[in-house]
Amino acid sequence: MIKALSMPTRPDVDRPDWAAIRRLPSPVLREQLALCAAYPDRIMFLDIETTGLSHYYDEITTVGWSIGGRAETFIKGGDAAHLLRDAASAKVLVTFNGIRFDARFLRQEFPNIALPAVHIDLMYLCRRLGLKGGQKSIETELGLNYRQELEDVDGFAAVLLWHRYLRGDVEALSRLIRYNRADIAAMGAIFDRAMSGFAVEPDLFSSPVRFVDWSAPGGWNDLPGGLQPAPSHLTHAPRFDDLFAGTSAENARIVGIDLTGSEVRPTGWCLLDGSIADTRSISTDADIVAATLEARPDLVSIDSPLCLPEGRITVEDSDPGRDVFGIMRQSERELKRRGINVYPCLLPSMQKLTARGMRLAAVFRQKGVPVIESYPGAAQDIMRIPRKGAGVEWLHLGLRDFGISGTFQTEKVTHDELDAITSALVGTFHLAGLSESLGTEAEAPLVIPKLDAAPGPLVVGVSGPIAAGKTTFAEALAAKGFAYTRFSLAIDELLANDGLELNRVNRQKLGTEINESGRQRWLAEQTIKRAAGAARIVIDGLRFPEDHAFLVETFGNCFVHVYVDADEEVRRKRYRERAADDGFDEAIASTVERRVNELKVLAHESFVNHSSLSAVQVRVDELFGDIHGEGICQYPS
């Protein structure tokens, strides 16, 4: 027995007063508070309003501050000189949650701003005193009231006020400014209450200071004079026609699916035919598949995780890699880094959704239908549309202003259907080459719209039955400067590594094994790598519908699929002329060859090759003869 456990404790008088110690300011904070007391007129109480929480996608709308007995406001689109001047002259910056939020936005929006070296964040100051939560909740706890007639406005409503202002409502801007100034006025009162909670020496302040007198100076709630409607450069948001008119994405047929985790809860579904949306709610997987295939889309865009984190093999927590590889993908980590709230794909509440999304994507891809994983929220940010959390009416209005029409304008629809429209729009961005793919080699990408995306390469994929002239067509493109690669090269490398002979039988056998084991997309990736970095690429020997799906998913409308065909007797003759044996019937009976015909209906162009090499070259010139330049998708729309 350890007798020390039963020894009497020391009297309470000898115990340190931990609560009092917590209330003592640290030496650094003590110096900062003394600076505030000495120069209250040089304290800059500041608060910003933004279009959202993401430093990557969102932007400042207004900046309010009080300094030297003045209350000031900067409105986006105006002159920031007075903001920069006051920031440079201030000795102390006081904010609430400004270290993580306001300061970063300010430096991003105004790279030349000189913020004071001393920054007192009231959120952390309050936490030292046991006051937790947001600023409004702390104001309520302290009995402060600077928000008369603004009780219904919070940070989210402030975003909507800005959107109303952009649509011509100047009164909404007035309300936004009052809300912002109320935040600033209350900061001084919170500062005063916090100071009264610290155990500080009487001589810390040489004279009594009321910080609220400086955060809420006379006239703090008066509006700036001459508020005007938003200038045109603020009200101009990207529209469908501005972005896609004249491109091959303009008339694309895209199905957007805002998937739910269960067939019990209806899923939002949309067919976006160009800029016309037809939406509905669909419950079962079978009905989703049937409606989607019936729509004959160029692309399917699903708002759901479509792959697992690298190393995971199942969605369940019982997965043997759960503890090592976790529940989050790199794409989700990147969105978090950009300030976008996203749920890890294998949270318990997300596991069924992830499994369902992967299952549906596999069904579509096996039929040659390209599928991307989309994130509607990012698209709504780029289109300057409030997200569905703001209310269905705002998302509805934003889609209409973007240039989308359809039944949703006249019929009652769910917010899931509206998100399905946005999900489909992500597909339009992707086909137009205005997207960014977040992912890794081991994790399929999550697609985010990106208006300044670098143009991608022009990629031509060639498919067709054996001896139809695919390689002849591909080599004619190679003669025009296209980097040449083919699926069989990747297969040959695998055969060589295993010491197997490089012949048709072994190629077809291994090709079938790869496809049946679910590694067809991996094979396509290996094939593309052989031409990585080229501005123009030709890929010879597409064999399965999944090949077409993968290449559209990867290159959008910069991928052109050409199907080269010929009558069987013509192909039989060609095969005899080039092969040492007469195994044509055996060759066309293989699993690989039996599925080639499925690619014919997926191809963008078809070419019946019954003629000479010169005829093939003529057809190549007809399709790609006007291509010039480097590093850009230039296939005519």
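Up top is the structure these notes are about.
This structure is a prediction, so every number in the text was calculated from the model and none was measured.

Novice: Explain the environment of Asp567 here, please?
Specialist: Note on placement: Asp567 falls in the loop between strand E17 (559-565) and helix H24 (568-578). The class of Asp567 is partly exposed, set by a relative accessible area of 46%.

Novice: Would you explain the side chain of Asp58 in this entry?
Specialist: Position of Asp58 relative to the elements: it lies in the loop between strand E1 (43-50) and strand E2 (60-67). Of the residues examined, Asp58 reaches a relative accessible area of 8% and is grouped as buried. Only 3.1 Å separates the side chain of Asp58 from the side chain of Thr51, close enough to count as a polar contact. A polar contact of 3.1 Å, which involves the side chain of Asp58, links it to the backbone nitrogen of Leu53. Excluding anything up to four places from it in sequence, Asp58 contacts Thr51, Gly52, Leu53, Phe105, Gln108 and Asp381.

Novice: What is the right way to read helix H19 (residues 470-478) from this model?
Specialist: Residue pairs three or four apart in sequence face the same way in an α-helix, which turns once every 3.6 residues. For H19, the complete set of buried residues consists of Lys470, Phe473, Ala474, Ala476 and Leu477. Axial view of H19: buried residues confined to an arc of 155°, hence all on one face. Turning to H19, the residues buried within the fold contact strand E14 (458-463), strand E15 (483-486), strand E16 (536-542), E17, strand E18 (605-608) and helix H27 (613-624).

Novice: Explain helix H21 (residues 504-516) here, please?
Specialist: With 13 residues, H21 should cover 18 Å at 1.5 Å per step; its first-to-last C-alpha distance of 18 Å lies within 8% of that length. When H21 is considered as a whole, its buried residues turn out to be Asn506, Gln508, Leu510, Gly511, Thr512, Ile514 and Asn515. Sitting at the head of H21, Asn503 places a side-chain oxygen 3.3 Å from the backbone nitrogen of Val505. Residue Gly518 follows H21 closely and has a positive phi angle near 80°.

Conventions used here
Residues numbered from 1 in each chain as written. Predicted model: local features only at pLDDT ≥ 70, side-chain atom pairs only at ≥ 80, totals over all residues. Heavy atoms only, no water. Helix = DSSP H or I, 4+ residues; strand = E, 2+ residues; numbered from the N terminus. Buried < 20%, exposed > 50% of the residue type's maximum accessible area, 1.4 Å probe, protein only. Polar contact = N/O pair within 3.5 Å; in protein donor to acceptor, adjacent residues only side chain to side chain. Contact = heavy atoms within 4.5 Å. Arc of directions from axis to C-beta. Expected span 1.5 Å × (residues − 1).

Everything listed here is a matter of geometry and, on its own, says nothing about what the molecule does.
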